[in-house]
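Each chain is listed here by its residues.
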Amino acid sequence: MNARILLVKEKLKEISAIEEMVKESGFEVLFASDDSTGLAESFREEPNLILCHYSQMGFYIETKGTHLPIILINDANERTIQSASSSHKIAYLQTPFSKDILNTLIDLLLSTED
């Protein structure tokens with residue numbers, strides 16, 4: 001599957017490494033900023049999944065009524081509070097993680113798309 005992964009640069013550390021992992025797994029990488037102009041442009045590219053920092057979860061869940069699957073990333077020293085109140089397919093990753101783990105989550109979320 002040549003899925004399009006929307007990678008939100010803001011707040012993600014090791015963005016180059018994450019981008020490389022996504023590309024090496026055979027996915028196309030789209031980039032977004034978390035301002036409304038950058039976001040609108042990114043959604044015109046029709047991504048299949050969003051990859052962003054955990055702190056941006058609310059913004060992406062509420063934006064444009066999209067129901068794209070989301071992978072939320074946080075640093076090892078950050079605390080994650082998981083919420084089940086969303087109808088989105090959400091996965092959580094804590095750094096550091098491997099390409100295999102990221103690829104497995106992407107495959108899982110995309111294979112269960114509505």
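Residues numbered from 1 in each chain as written. Predicted model: local features only at pLDDT ≥ 70, side-chain atom pairs only at ≥ 80, totals over all residues. Heavy atoms only, no water.

Enquirer: Lay out the pairing of strand S3 (residues 49-53) with the relevant residues and their values.
Expert: Burial of S3 is extensive: five of the five residues sit out of reach of the surface. Sheet topology places strand S1 (residues 4-8) next to S3; three bridges connect them, and they run parallel. Each residue of the ladder has a partner; that of Leu7, found in S3, is Leu51. Direction of pairing for S3 relative to strand S4 (residues 70-74): parallel, over a ladder of four bridges. (Buried < 20%, exposed > 50% of the residue type's maximum accessible area, 1.4 Å probe, protein only. Helix = DSSP H or I, 4+ residues; strand = E, 2+ residues; numbered from the N terminus. Pairing = 2+ DSSP bridges.)

Enquirer: Outline the environment of Ser111, supporting the account with residue identities and numerical values.
Expert: For Ser111, the location among the structural elements is in helix H4 (residues 99-111). A distance of 3.0 Å separates a polar atom in the side chain of Ser111 from the backbone oxygen of Leu108. (Polar contact = N/O pair within 3.5 Å; in protein donor to acceptor, adjacent residues only side chain to side chain.)

Enquirer: Report on the sheet that holds strand S2 (residues 28-32), specifying residues and quantitative values.
Expert: The strand order across the open sheet formed by five strands is S2-S1-S3-S4-S5, and the pairing between neighbours is parallel. Each edge of the open sheet is held by one strand with a lone partner, namely S2 and strand S5 (90-94). Strand-to-strand twist of the sheet, defined as the mean angle between neighbouring strand axes without regard to direction, takes the value 25 degrees. Sheet strands in contact with H4 are S1, S3, S4 and S5, and its direction is about 175 degrees off that of S5. (Axes fitted to C-alpha atoms, helices over the stretch in contact; angles between N-to-C directions. Contact = heavy atoms within 4.5 Å.)

Enquirer: Please give an account of H4 that cites residues and values.
Expert: Helix length check: H4, at 13 residues, gives a terminal C-alpha distance of 18 Å against a target of 18 Å (1.5 Å per residue), a fit within 8%. When H4 is considered as a whole, its buried residues turn out to be Leu102, Leu105, Ile106, Leu109 and Leu110. The arc that holds every buried residue of H4, seen down its axis, measures 125 degrees, which confines them to one face. Exposed positions of H4 whose direction lies more than 90 degrees from the buried face are Asp100, Thr104 and Ser111. (Expected span 1.5 Å × (residues − 1). Arc of directions from axis to C-beta.)

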